[in-house]
Amino acid sequence: MSKKTRYFVLTAATILTVGLTTGLVASYMGMGVAFSKAAGPDELQYVPADAAVVAYANVRDVMNSNFRERFRKLEPDTQERDEFQQKTGVNIEEDINSVVAAMIPGAGNVVVAPGGPEGASEGGVLILARGRFEQSRLEALALEHGGKAEEYGGKRLLTHVKDSGDPDMAVGFLEADLIALGSYSAIKKSIDAGRGNNIVSNTELMRQVNELDGSNAWAVGRFDAIAKSAHLPSELQAQIPTIQWFSAAGHVNGGLSGVVKAEAKDDASGQNLRDMIRGFLALAKMQAGSKPEMKAMVDALQLSGEGKSVTLSFEVPSEIFDVLEQMGAQHLKR
């Protein structure tokens, strides 16, 4: 991606924000997390009703956490982040309060899908970032790098135009402290959602969100949509038709705790899924037997659930991250 495109769509904001808040957890533990309040943030009014996956990150909570401070010195070179701030006026650590991400079917770029109809539309990702932004500065930067400005639904849009002349990526200014980033189609769908027919009207998905009461971290969605973008074990892929919903919630401070849930289509499928995960946990415990730090993390996983519900909870104390921090520091010295 060229610098013009990178700065224009503010992709760096998303990458750096998510990287700072969840990248270390993902790299050390092989999982991702996202952060929110129980009933969902106000930004959900801008998420289209047909969104397949929705996640929320309370960036401010993470930036102020002991967990963040613990791994700050292990961060890579900040030159690109500093350059981004110089260009856009956005300080990722101080100016971004929260981030919502949603997977929107049919809101991606027009592509020629192998074996599919020409001009098919792939699903796109919508990013909603709340914080402090200088709209005039961002607009001037976009126009300088070949972008165009337009109005849609009473909102200001900055668009990046492909060589063909068609709009590609876009930035939409939804509120004074809220911007939307993504494909041109996804931004327009977000603005339409703000006028009604948004994800809040999706009772099934919101039921999953409301069950995350007491957490400051969540991600929910249809499992088939998540599975398409994840490299899952073949055994789990075989269970995809039987799993309907997926949710994850967590809390980060000095340590890390959370819960991952799956909802199967019926009780029998739920029991089969619990048996399969129980087998994975047993294998993981065997492989981690000679590594105390890994054994402690595996032992922190607790499987439960009944009927068609499957729940995997975990609580990783800060002492385990002492070991991971030492491992990371040793890796940087090599």
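This text goes with the structure placed above it.
This is a predicted model, so every value here is computed, not measured.

Novice: Help me understand the overall build of the protein, please; the structure alone is not making it clear to me.
Specialist: Across its full length, the protein holds 14 helices and 14 strands. Looking at the protein as a whole, 46% of its 334 residues qualify as buried. With the model as given, the accessible surface of the protein reaches about 16,300 Å², and the carbon-plus-sulfur share is 52%.

Novice: What is the right way to look at the nonpolar core in this model?
Specialist: For soluble globular proteins, the rule of thumb is that nonpolar side chains tend to be buried together. Counting residues in each nonpolar core, the largest one holds 29 residues, and the members touching the most others are Val47, Val54, Leu128, Leu205 and Trp218. Each residue touching valine 54, except ones within four places of it in the same chain, is listed here: Leu44, Val47, Val100, Ala101, Ala102, Ile199, Leu205, Trp218, Ala219 and Val220. The next biggest cluster of nonpolar side chains, apart from the first, holds 18 residues, and it includes Val90, Ile127, Leu138 and Leu181.

Novice: Could you clarify how one ought to interpret helix H12 (residues 267–287) in this entry?
Specialist: Residues that lie three or four places apart on an α-helix share one face, since the helix turns once every 3.6 residues. Counted at 1.5 Å a residue, the expected span for H12 with its 21 residues is 30 Å, and the 31 Å between its end C-alpha atoms agrees. Among all positions in H12, only Ser269, Gly270, Leu273, Arg274, Met276, Ile277 and Leu281 are buried. Down the axis, H12 shows its buried residues gathered within 165° of arc, on one side only. Residues of H12 that are exposed and point more than 90 degrees away from the buried face comprise Ala268 and Met286.

Novice: For this particular structure, what's the right way to read the packing of aromatic side chains?
Specialist: Each aromatic ring pair is summarised here by two numbers: the centre-to-centre distance and the angle between the ring planes. Taken as a whole, this structure holds 1 aromatic pair when the rule is applied. For the pair phenylalanine 223 and phenylalanine 246, a centre-to-centre distance of 6.5 Å together with 45° between the ring planes defines the contact as tilted. Remark: phenylalanine 246 occurs in strand E11 (residues 243–252) and phenylalanine 223 occurs in helix H10 (residues 223–228); sequence separation between them is 23 residues.

Novice: Which parts of the structure should I look at to understand the environment of glycine 131?
Specialist: Mapped onto the secondary structure, glycine 131 falls in strand E5 (residues 124–131). In this structure, the C-alpha to C-alpha distance between glycine 131 and aspartate 177, residues 46 residues apart in sequence, is 5.2 Å. Not counting the four nearest positions on each side in its chain, glycine 131 is found in contact with Asp95, Ile96, Asn97 and Asp177.

Novice: What am I meant to see in the pairing of strand E6 (residues 148–152) here?
Specialist: Consecutive side chains along a regular strand alternate between the two faces of the sheet. One ladder, built from 5 bridges, connects E6 with strand E7 (residues 155–161); its direction is antiparallel. Bridge assignment links glutamate 151 to a residue of E7, and that residue is arginine 156. Hairpin geometry of E6 and E7 is characterised by an intervening segment of 2 residues between the two adjacent antiparallel strands and by a positive phi of about 60° at glycine 153.

Novice: Would you take a moment to explain the packing of helix H5 (residues 79–88) against helix H7 (residues 135–144) for this structure?
Specialist: Packed helices, taken two at a time, are described by the angle their axes make and the gap between the axes. Put simply, H5 and H7 touch, their axes get as near as 9 Å, and they point 100° apart. Classified by the interaxial angle, the pair formed by H5 and H7 is roughly perpendicular. Between H5 and H7, the residues in contact are Gln85, Gln86, Lys87 and Thr88 and Arg137, Leu138 and Leu141, respectively. Tallied by class, residues from the contact of H5 with H7 come to 2 nonpolar, 3 polar and 2 charged.

Novice: How should I be thinking about the pattern of salt bridges in this particular structure?
Specialist: Note that side chains of opposite charge can pair when their charged atoms are close. A complete count under the given rule lists 13 salt bridges for this structure. Across the pair arginine 130 and aspartate 177 runs a salt bridge, and its minimum N-O distance is 2.8 Å. One end of the pair, arginine 130, is in strand E5; the other, aspartate 177, is in the loop between strand E8 (167–175) and strand E9 (178–183), with 47 residues separating them in the sequence. With a closest N to O distance of 3.5 Å, arginine 207 and glutamate 211 form a salt bridge. Residue classification places glutamate 211 among the partly exposed residues on the basis of a relative accessible area of 39%. Linked through salt bridges whose partners overlap, the residues forming this network are Glu43, Arg130, Glu175 and Asp177.

Calculation criteria
- Residues numbered from 1 in each chain as written.
- Predicted model: local features only at pLDDT ≥ 70, side-chain atom pairs only at ≥ 80, totals over all residues.
- Heavy atoms only, no water.
- Helix = DSSP H or I, 4+ residues; strand = E, 2+ residues; numbered from the N terminus.
- Buried < 20%, exposed > 50% of the residue type's maximum accessible area, 1.4 Å probe, protein only.
- Areas by Shrake-Rupley, 256 points an atom, 1.4 Å probe, with all protein chains shown as cover.
- Core = buried A, V, L, I, M, F, W, Y, C linked by side-chain atoms within 4.5 Å.
- Contact = heavy atoms within 4.5 Å.
- Expected span 1.5 Å × (residues − 1).
- Arc of directions from axis to C-beta.
- Phe/Tyr/Trp six-rings, centres within 6.5 Å; stacked < 30°, edge-to-face > 60°.
- Pairing = 2+ DSSP bridges.
- Axes fitted to C-alpha atoms, helices over the stretch in contact; angles between N-to-C directions.
- Parallel < 35°, antiparallel > 145°, perpendicular 65-115°, else oblique.
- Nonpolar A, V, L, I, M, F, W, Y, C, P; charged D, E, K, R; others polar.
- Salt bridge = Lys/Arg side-chain N within 4 Å of Asp/Glu carboxyl O.

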